[in-house]
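As a plain string of letters, each chain reads:
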Amino acid sequence: MTRADLDKQPADVAAMFDGVAERYDLMNDILSAGQVRLWRRAVARIIGAGPGDRVLDLAAGTGTSALSFTAAGADCVACDFSLGMLRAGRARIAGRARIAGRPQRGGRLAMVAGDALRLPFRDGAFDAVTISFGLRNVASPGTALAEMHRVTRPGGRLVVCEFSTITIAPLDMLYRRYLTDVLPAIARRTARNPEAYTYLAESIADWPAQRELVGLIEAAGWSAVRWRDLSLGVVAVHVARRRDN
């Protein structure tokens, strides 16, 4: 999503995501060559949620990531501003339960429509808050990070998984070429709304590198910020804590 697109009305942006909801997870697998599954597992390990924990998965899309938290026994709220994404996720989860012949075991999952800039949750409601591949798509990442801080309990943790910058210059150059040339070409052949994936490439190119994102997270009130590169820095996972009050 380009900077110009971030200035659209929220309903316009949500409509774009509504339009890709049915094939969203499939396209993520195709365009990442399956790496997105490894990135999701890494986030689940880093959060380390278990029974008794309450997790907010923000920009949750169809809820695919949220299921890894409930499978570990945590209660999870999957929150997204796209009703189409949430509807597709509910239908998919219900379909899996029908095939299995029983509800999925583990923690409870709730799917809630909400705006990252005005989260519909009370202060300190969650033990952990995570957002994967969604922070760059909000109009004000700093405001969203401050809202995440508000709804996290003192001592709770933040995990941000986002596309980032490869630290080896020649490889980063090849990756940028993939984003600008190859990814849109694949999307034109496989996606029902290929324009959305042109926005994806442009938003990644505009996003700050790892150390710059540390400063943004700290400015929102988080402490002990650090990051871990995945896939040579194609993706970075930033971790932080809310100070004990």
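Residues numbered from 1 in each chain as written. Predicted model: local features only at pLDDT ≥ 70, side-chain atom pairs only at ≥ 80, totals over all residues. Heavy atoms only, no water.

**Concerning the packing of aromatic side chains**
Stated precisely, the cut-off is as follows: Aromatic rings from Phe, Tyr and Trp, with only the six-membered ring used for Trp, were paired whenever their centres fell within 6.5 Å, and each pair was classed as stacked if the ring planes differed by under 30 degrees, edge-to-face if by over 60, and tilted otherwise. Strands are runs of DSSP state E lasting at least two residues, helices are runs of H or I lasting at least four, and both sets are numbered from the N terminus onward. Burial classification: accessible surface area is computed with a 1.4 Å probe over protein chains only, and a residue below 20% of its type maximum counts as buried, one above 50% as exposed, and the rest as partly exposed.
With the rule as written, the count across this model stands at 4 aromatic pairs. Taken together, a centroid distance of 5.8 Å and an interplanar angle of 50° make the contact between Trp39 and Phe133 tilted. Of this pair, Trp39 sits in helix α4 (residues 35-47) while Phe133 sits in the loop between β4 (126-132) and α7 (141-150); the two residues are 94 residues apart in sequence, bridging distant segments of the chain. Of the two residues examined, Trp39 and Phe133, each falls in the buried class. The interplanar angle of 90° and the centroid separation of 5.2 Å between the aromatic rings of Phe121 and Phe126 together place this pair among those described as edge-to-face. There is no split in this pair, since Phe121 and Phe126 are both buried. Three or more aromatic residues joined by ring pairs form one cluster here, namely Trp39, Phe133 and Phe163.

**Quick notes on empty space enclosed by the protein**
Going by this rule: In this analysis a 1.4 Å probe is tested at points of a 1 Å grid over the protein atoms alone, and where it fits but cannot get out there is a cavity; an open set with protein on both sides within 12 Å along at least five of seven lines is a pocket; lining residues have an atom within 4 Å of a point. Grid points are joined across faces, edges and corners, and a volume is the space filled by probe spheres set on the points. Residues were grouped as follows: Ala, Val, Leu, Ile, Met, Phe, Trp, Tyr, Cys and Pro as nonpolar; Asp, Glu, Lys and Arg as charged; and all remaining residues, including Gly, as polar.
Going through the model one piece at a time under the given rule, you end up with 2 cavities of 30 Å³ or more. When its volume is computed, the second largest cavity comes out at roughly 30 Å³. Taken together, Arg40, Val43, Ala44, Ser65, Ser68, Phe69 and Ser132 make up the lining of the second largest cavity. Elements with a contribution of two residues or more to the lining of the second largest cavity: α4 and α5 (64-71). Taken together, the residues that form the lining of the second largest cavity break down as 3 nonpolar, 3 polar and 1 charged.

**Considering the pairing of strand β2 (residues 75-80)**
Where a strand is regular, its side chains alternate between the two sheet faces. Formally: Two strands are counted as paired when DSSP detects at least two bridges linking them. Whether a crossover is right-handed comes down to one check: with the strands pointing away from the viewer, does the path from the first strand over the helix to the second run clockwise; if it does, it is right-handed.
Extensive coverage of β2 is indicated by the burial of 5 of its 6 residues. Bridging between strand β1 (residues 54-58) and β2 involves 5 bridges; their strand directions are parallel. The residue of β2 that forms the bridge with Val55 is Cys76. Following the backbone out of β1, through α5 and into the adjacent parallel β2, one traces a crossover that is right-handed. Both β2 and strand β3 (residues 109-113) contribute to a ladder of 5 bridges, which runs parallel. When the sheet's bridge partners are listed, Cys79 is paired in β3 with Val112.

**Regarding a nonpolar patch on the surface**
Short version of the rule: Each patch groups residues whose relative accessible area exceeds 30% and which form no salt bridge, using 9 Å between like charges and 5 Å between nonpolar side chains of Val, Leu, Ile, Met, Phe, Trp and Tyr. Calculation of accessible area relied on Shrake-Rupley with a 1.4 Å probe; when residues are assessed, cover is drawn exclusively from the protein chains displayed. We define a salt bridge as a side-chain nitrogen of Lys or Arg found within 4 Å of a carboxyl oxygen belonging to Asp or Glu.
Taken together, the side chains of Ile168, Leu171, Leu174 and Leu232 make up a nonpolar region of the molecular surface, amounting to roughly 360 Å² of accessible area. Among the secondary structure elements, Leu171 is positioned in helix α8 (residues 169-190). For Leu171, a relative accessible area of 34% corresponds to the partly exposed category.

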